[in-house]
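Survey of secondary and tertiary structure
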Amino acid sequence: MTAIPAARSTGAHRGRRAANRRSGPPEEAPRWERPAVVAVLAVATLLYSWGIGHAALHPFYGAAIRSMAGSWRSFFFGGLDVSGSVSIDKLPGALWPDAVSVWLFGPHTWAAALPQVVEGVLTVWLLHRIVRAWAGPFAALVAALALTVTPVTVVLNRATIPDTALTLLLVTAAGALQKAVRTERLLPLITCGIWIGLAFQAKMLQAWLVLPVFAAVYLIVAPGTPLKRALRVLLSGAVALAVSCFWVLIAWATPATSRPYLDGTSDNNPFALVFGYNGLSRFSSDSTAFGAVAGTATSRTTGNTGWNMLINHTVGPQVAWFLPLAVLAAVLGVVWRAGRPRTDMPRAGFLLWGGWLAVHAVVFSASNGNHAYYMAVIAPALAALAGGGLALFRAEYESAYEPNPGPEQEAEHEPEPEPSHEPAHEPAPWSPYVSAYGSDPWSPHVAQSVPMFESEHESVPEPEHRPESGSGGRRHLALPAAIVLTAVWALVLDWPTRFVSWLLPVAVMLALCGVVGLWTRGPRTSSRMVHAALASAVAAILVAPAGWAAAGLDSLYAGAATAPIAGPVGNAYFDSVRQHHAPRRIGLDQPSARDTALLDYLTEHRNGEKYLLATQAAYGAEPLLRAKSEPILVMGGFTGNTPFPTTQQLAGLVTAHQLRYALLTTQRPTTTVTTWVKSHCTRVRAAAYGGATGGSFTLYDCNPKK
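Residues numbered from 1 in each chain as written. Predicted model: local features only at pLDDT ≥ 70, side-chain atom pairs only at ≥ 80, totals over all residues. Heavy atoms only, no water.

**Some details on the overall build of the chain**
As a reminder, the rule being used: The helix and strand labels rest on DSSP assignments: H or I over at least four residues marks a helix, E over at least two residues marks a strand, and numbering proceeds from the N terminus. Only the protein chains shown count as cover for residues, with accessible areas throughout obtained via the Shrake-Rupley method and a probe of 1.4 Å.
Check the secondary structure of the chain and you find 27 helices and seven strands. Total accessible area on the chain stands at roughly 29600 Å², and carbon and sulfur atoms take up 63% of it.

See below:
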């Protein structure tokens, strides 16, 4: 009988075996982990969905969501009205889930906000999985908690703004990159490019800010030759570029008559929308750069810039609670790992999240202006660094109390040569229990075999402190020092408003208990006492941001629907204080009495015209479009400066009996089109359509004279 030849090991098999050796066998999850994760996700769901029926729908995006749910043309191209005459001034990708939800469940406010809640909870869950694979269960739990209670995350996930989808997709891309580095496989790197391309559909060029960081991390840390790593990065970048530009290319190739006019552009060019109106014009003094239309006070903000942008009295309480801890973790995580192999995974994590934080901080500081909610994209990096940093500091702290092995013990634990047989375990692609570093000494599960919130014995004698020399002997002090630093920083952030001053004593007491418990650890200190001190310390750094986050459930402290922001800061809060009432949230299918009267008047006098109404800018159309899905011609787009329709086009629609009424406002700039309306149309008495005499809106009847 002819023997079947044994299959030879291919390069792919060798790469897979190498990846398995880097990953190590799956670790058994601590008993506390699953209930803790479920509890965190439950808290996140509660915070993000509380009062979802009165969610803060962005007026502009809310109108587009209802229109996109009623027309495939408007859905794909982001039409502001159901006829798709003009688009929104962003790419529509972030609103697609919201429009699908409204299409499935009907025009309800909660239906439009539901995808934001799901995206927010998914971000917390994915960050937990990613950080766990990098730094262990303790770090993952801290990161998930930190992200959940970050104030800007809470208020943003309760609104219909694209940054929630952007954050989710970029976190997913970071997980794919981490997997690509860990396993040496090409597919996760390609997947990373796809996720970044999809994030581009949500917030355009902002999605590309992570590209240099991701590329640098892969080139520095991933296994393989430099040429192989470079080629893979180029391939992943090409995928990201292709996925990013697919909508732009489709819009560019589609005849202008077959799609909406692209808002924010002077030439109806999708590249001008992305790279001009939402790109160069936000960083240069030329607001019309690359074909963009000039912005207005409603479309551009000029605050929150400069080197201190992240720590000012408005932005700081939204996102910066863990900033000192994150910076300390990123620096020490890299410095302490100096001299390790190039492929050191713990250091790669600090490079990844530290680079994410640094690039965004620099770009936001250099822009012409930022809404505070823009900083939500930084929250995952701060949370991951906080979790990973505390895990690193905890490991150094625990290692200071390990017994000092003698020569006989060291010889007894001499490392054995690696077995030549192949490992039998193939890690699951998305398993959170795949260790990126095997038995690396900084890993929390190596530093302490007993989980943080449980102890096998009531009192376990601790070994004597191991004497150390040099700078490494002081590393165990980083853990209590980080807790003190973060607690003091919370006092600094809250000081200008003293908003949660009643919670600060709680935070201080928890921090003192934690630090004293950690500092006074002795040979007879039980593991339970150490774990209790650590739990108290972690709670101390979460109390103050949790107070600001919970305040966002009250509409008084949730900012405006156009700019969600937590706490007693921002123009919306001070306006509410002056007016003695919280901002009114107007959802879908909830017209005011004035809007109802106007819609009834227009419907009654409509005689076959295509458009129910033409409005000056989106300002007058937004409440009508949220109330009823009708074709409304939005003249000038969001700002009122977009050159659509032209005077000739408007006159042609009136002559062809496609349009009869136009609604003008004093709140937007005068254009040639509005001048034409005033000179060729008849003013309608305000009492006829429920308007207010002397108000900012005026209705005109453009019915041609016979």
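Here the narrative resumes.
**Some thoughts on the sheet that holds strand β5 (residues 661-665)**
Under the convention used in this document: Here a strand pair is declared whenever DSSP counts at least two bridges between the two strands. A contact between two residues is defined here by any heavy atoms of the two lying within 4.5 Å. Comment: axis = line fitted to C-alpha atoms, over the contacting stretch for helices; angle = value between 0 and 180 degrees taken between N-to-C directions.
With mixed pairing, five strands are arranged side by side in an open sheet as β4-β3-β5-β7-β6. Looking at the sheet topology across the chains shown, the edges are occupied by β4 (632-635) and β6 (682-683). In the sheet, β6 pairs with strand β7 (residues 697-701) via two bridges, with the strands oriented antiparallel. Bridging from a neighbouring strand, T682 pairs with D701 of β7. On top of the sheet, helix α25 (residues 617-627) reaches β3 (613-616), β4, β5 and β7; it is set at about 135° to β3, its chief contact. Set on the sheet, helix α27 (residues 672-680) makes contact with β3, β4, β5 and β7; between it and β5 the angle comes to about 120°.

**Things to note about the state of the cysteines**
By definition, a disulfide links two cysteine residues through a covalent bond between their sulfur atoms. Note the following rule: Any pair of cysteine sulfurs within 2.5 Å is marked as a disulfide. Think of it in three bands: with a 1.4 Å probe and only protein chains considered, a residue is buried below 20% of the maximum accessible area for its type, exposed above 50%, and partly exposed in between.
Throughout the structure, instances matching the rule amount to one disulfide. Linked covalently through their sulfurs, C681 and C702 form a disulfide whose S-S length is 1.9 Å. The chirality of the disulfide connecting C681 with C702 is right-handed, given an S-S dihedral of about 100°. Separated by 21 residues along the polypeptide, C681 in the loop between α27 and β6 and C702 in the segment after β7 bring together distant segments of the chain. Across this residue pair, the class does not change: C681 and C702 are buried.

**Examining the side chain of D595**
With respect to the helices and strands, the residue D595 is situated in helix α24 (residues 593-604). Once residues within four sequence positions are removed from consideration, D595 is found in contact with P623 and L624.

**Let's talk about helix α3 (residues 59-68)**
Among the 10 residues in α3, 10 count as buried, and that is most of the element. Turning to α3, its buried residues are P59, F60, Y61, G62, A63, A64, I65, R66, S67 and M68. As for α3, its buried residues are in contact with α4 (72-77), α5 (96-105), α6 (109-135) and α25.

**Let's talk about the packing of α3 against α25**
To keep it simple, the criterion reads: In this scheme, roughly parallel covers angles under 35 degrees and roughly antiparallel covers those over 145, while 65 to 115 is roughly perpendicular and the rest are oblique. Crossing chirality is assigned from the near helix's rotation relative to the far helix, an anticlockwise turn below a right angle marking it left-handed and a clockwise turn marking it right-handed. Each residue is assigned to one class: nonpolar for Ala, Val, Leu, Ile, Met, Phe, Trp, Tyr, Cys and Pro, charged for Asp, Glu, Lys and Arg, and polar for all the others, Gly among them.
Contact pair α3 / α25: the axes reach a minimum separation of 8 Å and the direction vectors enclose 45°. Our classification of the angle between α3 and α25 gives oblique. In the crossing of α3 with α25, the sense of the turn from one axis to the other is left-handed. Residues P59, F60, G62, A63, R66 and S67 of α3 form the contact with α25, whose participating residues are A618, E622, L625, R626 and A627. Considering only residue class, the contact of α3 with α25 consists of six nonpolar, two polar and three charged.

**Description of the packing of helix α12 (residues 226-253) against helix α13 (residues 270-277)**
Put simply, α12 and α13 touch, their axes get as near as 8 Å, and they point 135° apart. As summarised for this structure, α12 and α13 are arranged oblique, according to the angle between their axes. Taken together, the residues of α13 that come into contact with α12 (itself represented by V248, L249, A251 and W252) are P270, F271 and V274. Tallied by class, the residues present in the contact of α12 with α13 amount to seven nonpolar, no polar and no charged.

**So, the pattern of salt bridges**
Counted only if it meets this: Just to be clear on terms, a salt bridge is a Lys or Arg side-chain nitrogen sitting within 4 Å of an Asp or Glu carboxyl oxygen.
Taken as a whole and judged by the stated rule, the model has 13 salt bridges. The salt bridge partner of E33 is R132, with a shortest N-O separation of 2.5 Å. With E33 in helix α2 (residues 33-49) and R132 in helix α6, the pair connects residues that are 99 residues apart, well separated along the chain. With relative accessibility at 3%, the residue E33 sits in the buried group. Residue R132 is classed as buried on the basis of its relative accessible area of 4%. Residues E630 and K628 are paired through a salt bridge, measuring 3.6 Å at the closest nitrogen-oxygen approach.

**Re the pairing of β7**
Among the five residues in β7, five count as buried, and that is most of the element. Neither face of β7 is open: one carries F697, L699 and D701, the other T698 and Y700, and all of them are buried. In this structure, β5 lies alongside β7, joined through five bridges in antiparallel fashion. Each bridged residue has a counterpart across the sheet, and for L663 the counterpart in β7 is L699.

**Here we look at the nonpolar core**
As a reminder, the rule being used: The criterion is simple. A nonpolar core is a set of buried Ala, Val, Leu, Ile, Met, Phe, Trp, Tyr and Cys residues joined through side-chain atoms within 4.5 Å.
L80, F214, W353, W356, F393 and L699 are the most contacted members of the largest nonpolar core, which totals 205 residues. Every residue in contact with W353, bar those within four places of it in the chain, is listed here: L127, I130, W134, A174, P380, A381, A384 and L385.

**What about the confidence of the model for the chain?**
Counted only if it meets this: One number per residue, pLDDT, summarises how confident the predictor is, and it ranges from 0 to 100.
On average, residues of the chain score 86 in pLDDT, and 85% of them are at 70 or above. Within the model, pLDDT remains below 50 along residues 1-26, and this stretch shows 37 contacts once partners closer than five positions in the same chain are excluded. Low pLDDT, under 50, characterises residues 408-471; the stretch is placed with 143 contacts to residues that sit more than four places away or in other chains.

**Digging into the pairing of β3**
This is how it is decided: Handedness of a crossover: with both strands directed away from the viewer, a clockwise path from the first strand across the helix to the second marks it as right-handed.
Across the two faces of β3 the burial is the same, with L613 and T615 and A614 and Q616 all buried. Handedness of the crossover joining β3 and β4 through α25: right-handed. Across two bridges, the pairing between β3 and β5 is parallel. Within the sheet, the bridge partner assigned to A614 lies in β5 and is A662.

**Some remarks on the packing of aromatic side chains**
In this description, a pair of aromatic rings is defined by centroid distance and the angle of the planes. Where we set the bar: Two aromatic rings from Phe, Tyr or Trp, using only the six-membered ring of Trp, form a pair when their centres are within 6.5 Å; if the ring planes differ by under 30 degrees the pair is stacked, by over 60 it is edge-to-face, and anything between is tilted. In this analysis the charged atom, NZ for Lys or CZ for Arg, is taken to sit over a ring once it is within 6 Å of the ring centre and within 35 degrees of the ring normal.
Across all of its chains, the model carries 26 aromatic pairs by this definition. Aromatic rings pair up to connect W72, F75, F76, F77, W96 and W247 into one cluster. Of note, K203 hangs over the ring of Y374, and the distance from its end group to the ring centre comes to 4.5 Å. The cationic tip of R498 hangs over the ring face of W495; the distance from NZ or CZ to the ring centre is 3.8 Å.

**Things to note about the environment of G276**
Mapped onto the elements of the fold, G276 is located in helix α13. G276 sits in the buried class, given a relative accessible area of 0%. Note: C-alpha distance between G276 and T288 (12 residues apart in sequence) is 7.3 Å.

**Re a nonpolar patch on the surface**
Test applied: A patch consists of residues whose relative accessible area exceeds 30% and which take part in no salt bridge; residues with like charges are grouped when within 9 Å of each other, and nonpolar side chains (Val, Leu, Ile, Met, Phe, Trp, Tyr) when within 5 Å.
Residues V100, W103, L104, F105 and W110 make up a contiguous nonpolar surface patch of roughly 530 Å² in combined accessible area. Considering each element in turn, the nonpolar patch owes the most residues, four residues, to α5. As for its position among the elements, F105 is in helix α5.

**A short note on the environment of A692**
For A692, the location among the structural elements is in the loop between β6 and β7. Between the C-alpha atom of A692 and that of R594, which follows or precedes it by 98 residues, the distance is 8.8 Å.

**Describing unusual backbone geometry**
F644 connects to P645 through a cis peptide bond whose omega is -10°. Along the chain, P645 turns up in the loop between β4 and α26 (647-655). Backbone geometry places M204, a non-glycine residue, at a positive phi of 55°. Within the secondary structure, M204 is located in the loop between α10 (186-203) and α11 (211-221). Of note, the phi angle at R498 is positive, near 50°, even though the residue is not glycine.

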